[in-house]
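Listed below are the residues making up each chain.
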Amino acid sequence: MKEDKKEIILQTAEKLFSELGYDGASTRSIANEAGVNMAMLNYYFGSKEGLYKAVFERRFKGFHQTLISLNEEDISSWEKLNKYIDLYVDKIAAQNCFQRLMQHEISIQQRSEMGSFIVEYLLRNINEIRKILREGIENGSFKEVDIDLLVATLFGTKYYIVNLSGIASALLEKDLTDDNILNTDIKPRLKKHLKAMLESYLKPAACINN
């Protein structure tokens, strides 16, 4: 029951932080909306900063463990890469408000320590996709490429869809602020595009000729 309350507080905090920002969302308003008292919130998280950090840890740790498990699977490098794209796109579609919150935090300078904390966790997840790409290059499944710039391309596409939704909506002629459109239209379209792009870019020349 206590863990349920903790999870409710984290869900509520993520929602209010993404809507109002760090400064606009008070711990009292979070406690009120979560249906808990301030004593319980402080017991779990200690402070507003502690709660804010816990919101990010909750998201990062779960996905990182998923990626570690994927890398340990006894499947081909192509299968790992395709599974990664599915997981990655599902995550950004399901956590749209969190993605905006994360990018906003990275872009500001007032809480540089928090920005560094986020970047550190992101790099852990990035290293898992790097492992997939390196493995594929080493076993001959992928051709030799600039791994870092390829990862930047993947993350850049995500940034454009999530954080520049106004421009992306106009370009794609879809309302990307509509969760239904995001999940039923954009998500499968994005998976198909990323997989086709990676196949075209990574497949060795001998495989293409055959």
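Everything below is about the structure shown above.
Residues numbered from 1 in each chain as written. Predicted model: local features only at pLDDT ≥ 70, side-chain atom pairs only at ≥ 80, totals over all residues. Heavy atoms only, no water.

Novice: What exactly am I supposed to notice about the overall build of the protein chain here?
Specialist: Helix and strand counts for the protein chain come out as 11 helices and 0 strands. Each helix and strand of the protein chain, ordered N terminal to C terminal, gives the series α-α-α-α-α-α-α-α-α-α-α. Within the protein chain, buried positions represent 42% of all 210 residues. For the protein chain, the share of sequence-separated contacts (at least 6 apart) that also reach a separation of at least 24 residues comes to 67%. When the accessible surface of the protein chain is summed, it comes to about 11,300 Å², and 51% of that surface belongs to carbon and sulfur atoms. (Helix = DSSP H or I, 4+ residues; strand = E, 2+ residues; numbered from the N terminus. Buried < 20%, exposed > 50% of the residue type's maximum accessible area, 1.4 Å probe, protein only. Contact = heavy atoms within 4.5 Å. Areas by Shrake-Rupley, 256 points an atom, 1.4 Å probe, with all protein chains shown as cover.)

Novice: Whenever I open this one, the packing of aromatic side chains confuses me. Can you help?
Specialist: The relation between two aromatic rings is expressed through the spacing of the ring centres and the mutual angle of the planes. Throughout the structure, instances matching the rule amount to 12 aromatic pairs. Judged by centre distance (5.1 Å) and plane angle (65°), the ring pair of Phe117 and Tyr121 falls under edge-to-face. Of this pair, Phe117 and Tyr121 both sit in helix α7 (residues 112-138), separated by 4 residues, roughly a single helical turn. The two residues Phe117 and Tyr121 agree in class, both being buried. Three or more aromatic residues link up through ring pairs in this structure, and these residues are Phe17, Tyr22, Tyr52, Phe56, Phe60, Phe117 and Tyr121. (Phe/Tyr/Trp six-rings, centres within 6.5 Å; stacked < 30°, edge-to-face > 60°.)

Novice: Explanation requested: the pattern of salt bridges in the structure shown.
Specialist: It is possible for side chains of opposite charge to pair when their charged atoms get near one another. Within the structure shown, the criterion is met by 16 salt bridges. Here Lys203 makes a salt bridge to Glu199, at a shortest N to O gap of 2.8 Å. Given the relative accessible area of 24%, Lys203 is considered partly exposed. Ionic contacts of the salt-bridge type, sharing partners, join the residues Asp86, Asp90, Lys187, Lys191 and Lys195 into one network. (Salt bridge = Lys/Arg side-chain N within 4 Å of Asp/Glu carboxyl O.)

Novice: Can you walk me through the nonpolar core in this structure?
Specialist: Among soluble globular proteins, nonpolar side chains are generally buried collectively. In terms of nonpolar packing, the biggest core is built from 29 residues, with Ile9, Phe17, Ile30, Leu51 and Phe56 touching the most fellow members. At the level of elements, α1 (2-24), α2 (27-34), α3 (38-45), α4 (48-72), α6 (96-107) and α7 are the ones that each hand at least two residues to this core. In this view, Ile30 contacts Ile9, Thr12, Ala13, Leu16, Phe17, Ala25, Leu41 and Leu51; residues no more than four positions away in its chain are not counted. One finds Phe63, Leu81, Val89 and Ile126 within the second-largest nonpolar core, a separate group that totals 25 residues. (Core = buried A, V, L, I, M, F, W, Y, C linked by side-chain atoms within 4.5 Å.)

Novice: Which parts of the structure should I look at to understand α4?
Specialist: The periodicity of an α-helix, 3.6 residues per turn, causes residues three or four places apart in sequence to face the same way. The end-to-end C-alpha distance of α4, which contains 25 residues, comes to 37 Å, matching closely the 36 Å that a straight helix rising 1.5 Å per residue would cover. Within α4 the residues assigned to the buried category are Leu51, Tyr52, Ala54, Val55, Phe56, Phe60, Phe63, His64, Leu67, Leu70 and Asn71. (Expected span 1.5 Å × (residues − 1).)

Novice: Help me out: how do you make sense of the side chain of Asn125 in this one?
Specialist: Checked against the element boundaries, Asn125 lands in helix α7. By relative accessible area, which is 7% here, Asn125 ends up buried. At a separation of 3.0 Å, a polar atom in the side chain of Asn125 contacts the side chain of His64. When neighbours within four sequence positions are excluded, Asn125 is seen to be in contact with Phe60, Phe63, His64 and Leu67. (Polar contact = N/O pair within 3.5 Å; in protein donor to acceptor, adjacent residues only side chain to side chain.)

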